[in-house]
Amino acid sequence: MTIEVVLLGTGNPLPDASRAGAATLVRAGAKTLLFDAGRGVCMRMIAAGALPLMLDAVVLTHLHSDHICDLNDVVTTQWVMAQQPKTLPIFGPVGTQEVVNGMLAMLRPDVSYRIAHHDDLTWEPQLEVKELGAGVVLDDNGVRVVAAASDHRPVEPTLAYRIEHDGNSVVIAGDTVPCAGLDELCAGADIYVQTVLRDDLVNAVPMQRFRDTVDYHSTVEQAAQTAARAGVRTLVLTHQIPTPAPGSADEWIAIVREHFDGEVVFGEDLTKVSAPPVA
Ligand SMILES: [Zn+2]
Ligand SMILES: [Zn+2]
């Protein structure tokens with residue numbers, strides 16, 4: 001009766017050979033949920049023992065390209081592997097329907113080729129898009145998912161999520177600075193997964209377009225402060241900006257340590273974290 005979190009992709013928008021794009025798998029009770037669908041998501045899913053066909057829903061934190069650029073691969077793979085029509089729910093903030101419509105337009109030639117080629121494939125991808133506000137997203141079979149507004153302005157609206165099952169809880173924060181919605185979700189959570197940025201390193205790069213990213217991400221300090229304020233058990237760092245130098249994990253963790261004395265996990269692709277912890 002645990003919740004298991006697998007960091008599928010811990011990369012940021014810049015391509016990296018060992019970090020896929022933003023995506024996190026959450027297994028809670030009988031539910032398998034995918035949060036965001038960045039670069040390489042299907043490759044990492046199979047490495048985590050999951051297929052798009054197994055997903056109960058794809059849940060998007062926001063519509064930045066690094067969080068959705070391989071959503072089409074999830075949709076296509078789910079569709080071509082299904083033996084009968086199977087609906088894939090896609091939840092996300094307002095704007096998700098428009099993005100999915102555009103994606104389906106892009107896939108139209110492929111969908112027509114495959115339907116023409118396979119006698120037993122007679123249906124198009126079955127998607128059910130639900131645009132969300134704050135509140136309960138899902139409450140089924142002992143698994144509850146709650147959304148709250150995050151703050152990634154000028155990107156808006158954006159959402160963070162709390163997943164609850166059997167007394168355990170996980171927060172998938174997405175890209176956000178500290179805010180009331182995030183604090184609410186994080187209160188007493190077992191696991192808090194936060195995309196983070198090192199402002200000391202980013203501000204040292206003489207490139208304004210890169211420095212622009214500082215104002216709408218949680219710094220490592222801020223993530224640690226949110227974790228401490230909320231009394232979470234485990235803080236998980238993901239989507240690290242800039243891409244961490246090899247062997248630098250301790251440096252990032254040391255910054256957290258100044259503000260938070262719980263468990264800290266420095267995320268790499270396919271890092272697993274569970275609530276309760278696996279003995
Ligand atoms: Zn973003
Ligand atoms: Zn991002």
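This write-up is about the structure you can find in this document.

### Structural notes on helix 4 (residues 96-117)
Phase 1: Here helix 4 spans 30 Å end to end across 22 residues, near enough to the 32 Å set by a 1.5 Å rise per residue.
Phase 2: Maximal helix bending in helix 4 amounts to about 50 degrees, located at Leu107; proline Pro109 follows within four positions.
Phase 3: Among all positions in helix 4, only Thr96, Val100, Met103, Leu107, Asp110 and Val111 are buried.
Phase 4: Those residues of helix 4 hidden inside the fold are in contact with helix 3 (71-81), strand 5 (87-93) and strand 6 (126-132).

### With respect to the coordination of the zinc ion (ligand 1)
Phase 1: Taken together, the protein donors to the zinc ion (ligand 1) comprise His62 (NE2), His64 (ND1), His152 (NE2) and Asp175 (OD), at separations of 2.1 to 2.3 Å.
Phase 2: Considering all 4 donor atoms around the zinc ion (ligand 1), the spread of angles at the metal, 93 to 156 degrees, places the coordination shape in the irregular class.
Phase 3: Read in sequence order, the donor residues for the zinc ion (ligand 1) give the motif H-x1-H-x87-H-x22-D.
Phase 4: A spacing of 3.5 Å is found between the zinc ion (ligand 1) and the zinc ion (ligand 2), which share Asp175 as a donor. Here His152 is found in the loop between strand 8 (143-149) and strand 9 (159-165), whereas its partner Asp175 is found in the loop between strand 10 (168-172) and helix 5 (180-186), with 23 residues between them in sequence. Exposure class is identical for His152 and Asp175. Each is buried.

### Some points on the coordination of the zinc ion (ligand 2)
Under ideal tetrahedral coordination, the four donors around a metal are separated by 109.5 degrees; under ideal octahedral coordination, the six donors are separated by 90 or 180 degrees.
Phase 1: Binding of the zinc ion (ligand 2) to the protein goes through Asp66 (OD), His67 (NE2), Asp175 (OD) and His239 (NE2), at separations of 2.2 to 2.3 Å.
Phase 2: Classification of the site at the zinc ion (ligand 2) rests on its 4 donor atoms, whose angles at the metal span 86 to 161 degrees, yielding the label irregular.
Phase 3: Look at where the donors of the zinc ion (ligand 2) fall in the sequence and you get D-H-x107-D-x63-H.

Calculation criteria
Note on numbering: residues in each chain are counted from 1, in written sequence order. Starting at A for chains and at 1 for ligands, labels are handed out in the order in which the entities are written. Only residues with pLDDT of at least 70 are given local features in this predicted model, and only at 80 or more are side-chain atom pairs given and counted; all residues enter the totals for whole chains, interfaces and linings. Think of the side-chain values as coming from all heavy atoms in the structure, minus any hydrogens and water. To qualify as a helix, a DSSP run of H or I must reach at least 4 residues; to qualify as a strand, a run of E must reach at least 2; elements of each kind are numbered from the N terminus. What a helix is expected to span follows from its residue count: subtract one and scale by 1.5 Å. What the bend at a residue measures is the angle between two axes, fitted to the seven residues ending there and to the seven starting there. A simple rule labels every residue: compare its accessible area, found with a 1.4 Å probe on the protein chains alone, to the largest value its type can have, and call it buried under 20%, exposed over 50%, or partly exposed in between. The contact definition used throughout considers only heavy atoms, calling two residues in contact when any of these lie within 4.5 Å. Metal donors were taken as nitrogen, oxygen and sulfur atoms no farther than 2.8 Å from the ion, or 3.2 Å where the ion is Na, K or Ca. Water is excluded, so coordination may look unfinished. In short, tetrahedral needs four donors with all angles between 85 and 135 degrees, square planar needs four and octahedral six donors with opposite donors over 155 degrees apart and all other angles between 65 and 115, and whatever is left is irregular.

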